[in-house]
Structure formats: C-alpha cells, structure tokens
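Here's the letter readout for the chains.
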Amino acid sequence: MKRALKIAALVVVVIVIIVAIPIASALLGRKSPDDGVEVNGIRIVKDGIVTVGVVPISENTVALIDAGNDKAGKAIMTELSRRKLDRDAVTAIFITHGHPDHSAAIAMIPKAEVMSPEREAPLVEGREGSHGPLTRLFPVSPTGVKVSRPLRDGETVALGQTQIRVFAVPGHTAGSAAYLVNEVLFLGDAADIGRSGDVQGSPWIFSDSQSDDRASLVALEKRLSAEAVPVKAIVFAHSGVLTNGLAPLNAYAQKNQ
C-alpha cells in the first residue's frame, strides 16, 4: 500500500513538473505588469498578474478595459475610491478576451454594460472553452456573465465624448480584441513586452493559435499605420505599458510579416 502511494505521489510530482516547466518558460521571458501608470487620463491598475485600464468618461463615471483576476475587485475598488467614486460609477466594461483572469470582478459591478467581440461572447459567458495547449483542459461552465453588447471589428463605441475603437485580433483566443481609446492601445493578451522591451506574441501554452496571433498583430499594425492613427502608448495586460507610440508594434510587424 505504501509503495503504491509513493508511486502515485511520484506520478503527481512528475505531472506538476511537466506542466510547470512550459508555464514558467512562457512567463519568465516577459516584463512584469505596471501599476499606477497614467497616460492621457487613463490609469493602469495592477490586479495581481494582470492589469485593468480605468478610462474616465465624465467627472462621475468611468469605463474599464477588462475586469481583473480578483473576484472581489479590490484593486478596482481602491482606484474608484481614490477617485471618490463607487462601483456604480463604472458604466461599461470592455473585455479583451474571455479567460477568467480578465473578467473576475464583473459580478462586483452589476450596473456596468459588459462588452466583448461577438465571437468571444461564448467564452466570456462560459458556453464554450478555449483551445490552447493548457486552456483546453479548463472545465467549461457558465460564468454568470452576460455580454450585453456584442462588438464588431472596426466598430467605434461612443461613451459621452470618449470614443473606443474595436479591433479584432484573433489568435490568443478566437475572438480576442484590442481597444484604442484616447490614443492608448490595449492589446490584452495578444502580445507581451519582452525583458528587452520588444513586443512578443502571446505565450503558446495559453493561446489557441500563435500563427493567427502573429498575423493579427501584423494586420493591426498595417491598419493603424495606413490610417495614420495616433497612438501614444500600448498597454499589455500582463507586462506593462510602452509609451513610445506605435514604434514597438512597427518593429514587431517588420520582423514577422
């Protein structure tokens, strides 16, 4: 009996190591998330391993880009309190993709309109799973979240005087989105900042398709460059903010087209 337990324990340890090594290799090569960075009035708030963008809409209202990893939304509530606002001040939440570390606090903000690309809604709501090497193992079950406004590629959402433009960037998940607001480009998990400050594609172990992700990033760069869209900063959900305009994405596209 003891021998069987030892063998079982050894098998568990081996499985943990097999899973941990690729996860560690995927995460160690990227920069850590920033906290408290502010660009054009938008504040980046760190929630553990991920960040949330807090976008001012008026003196009394804000929108969020993603809703973090903490179900209690402590980092979000702290930022709202700093602004002398409560949770009801959040009028909209724009989800970059449906992985749970980007939508955990939605239940804490029940009056906000939840928006995501139409293709991503089944993942956000827990009606469909994602297909990455690791994420395909996650159970599929209802999240309790309801996408109240499905979004289309190229659509611009007006919240007061604030314009938020939607770009489809499939690859990390089938319906991943980037959002451009106040000259700040939010890429979600479609890309990361490497240790040397360069743009890297999404980690393979968490992504449905790295090749689709690369193609999406190249296409996004071409689109923004062709339209001469002003971009002051790029926000990466897990690895901080770059404030040298579109140049980092230009460099990535040149290497990968």
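Every value quoted in this text rests on a predicted model; they were computed, and no experiment measured them.

> Any chance you could explain the overall build of the chain here in plain terms?
Helix and strand counts for the chain come out as five helices and 15 strands. In the chain, which comprises 257 residues, the share counted as buried stands at 51%. When the accessible surface of the chain is summed, it comes to about 12100 Å², and 57% of that surface belongs to carbon and sulfur atoms.

> Looking at this structure, I do not really get helix H2 (residues 74–82). What am I missing?
Every α-helical turn comprises 3.6 residues, leaving residues that sit three or four positions apart pointing alike. Along H2, the positions that sit buried rather than exposed are Ala 75, Ile 76, Met 77, Glu 79 and Leu 80. Positioned one or two residues after H2, Lys 84 has a phi angle of 60°, which is positive.

> Would you mind showing me how to read the packing of aromatic side chains here?
Aromatic rings considered in pairs are described by the distance between their centres and by the relative angle of their planes. Under the criterion given, the structure shown has one aromatic pair. With centroids separated by 5.4 Å and ring planes inclined at 70°, the aromatic side chains of Phe 94 and Tyr 179 adopt a geometry described as edge-to-face. One end of the pair, Phe 94, is in strand S5 (residues 90–94); the other, Tyr 179, is in strand S10 (residues 177–181), and 85 residues separate them in sequence. In terms of burial, Phe 94 and Tyr 179 fall into one category: buried.

Rules behind the numbers
- Residues numbered from 1 in each chain as written.
- Predicted model: local features only at pLDDT ≥ 70, side-chain atom pairs only at ≥ 80, totals over all residues.
- Heavy atoms only, no water.
- Helix = DSSP H or I, 4+ residues; strand = E, 2+ residues; numbered from the N terminus.
- Buried < 20%, exposed > 50% of the residue type's maximum accessible area, 1.4 Å probe, protein only.
- Areas by Shrake-Rupley, 256 points an atom, 1.4 Å probe, with all protein chains shown as cover.
- Phe/Tyr/Trp six-rings, centres within 6.5 Å; stacked < 30°, edge-to-face > 60°.

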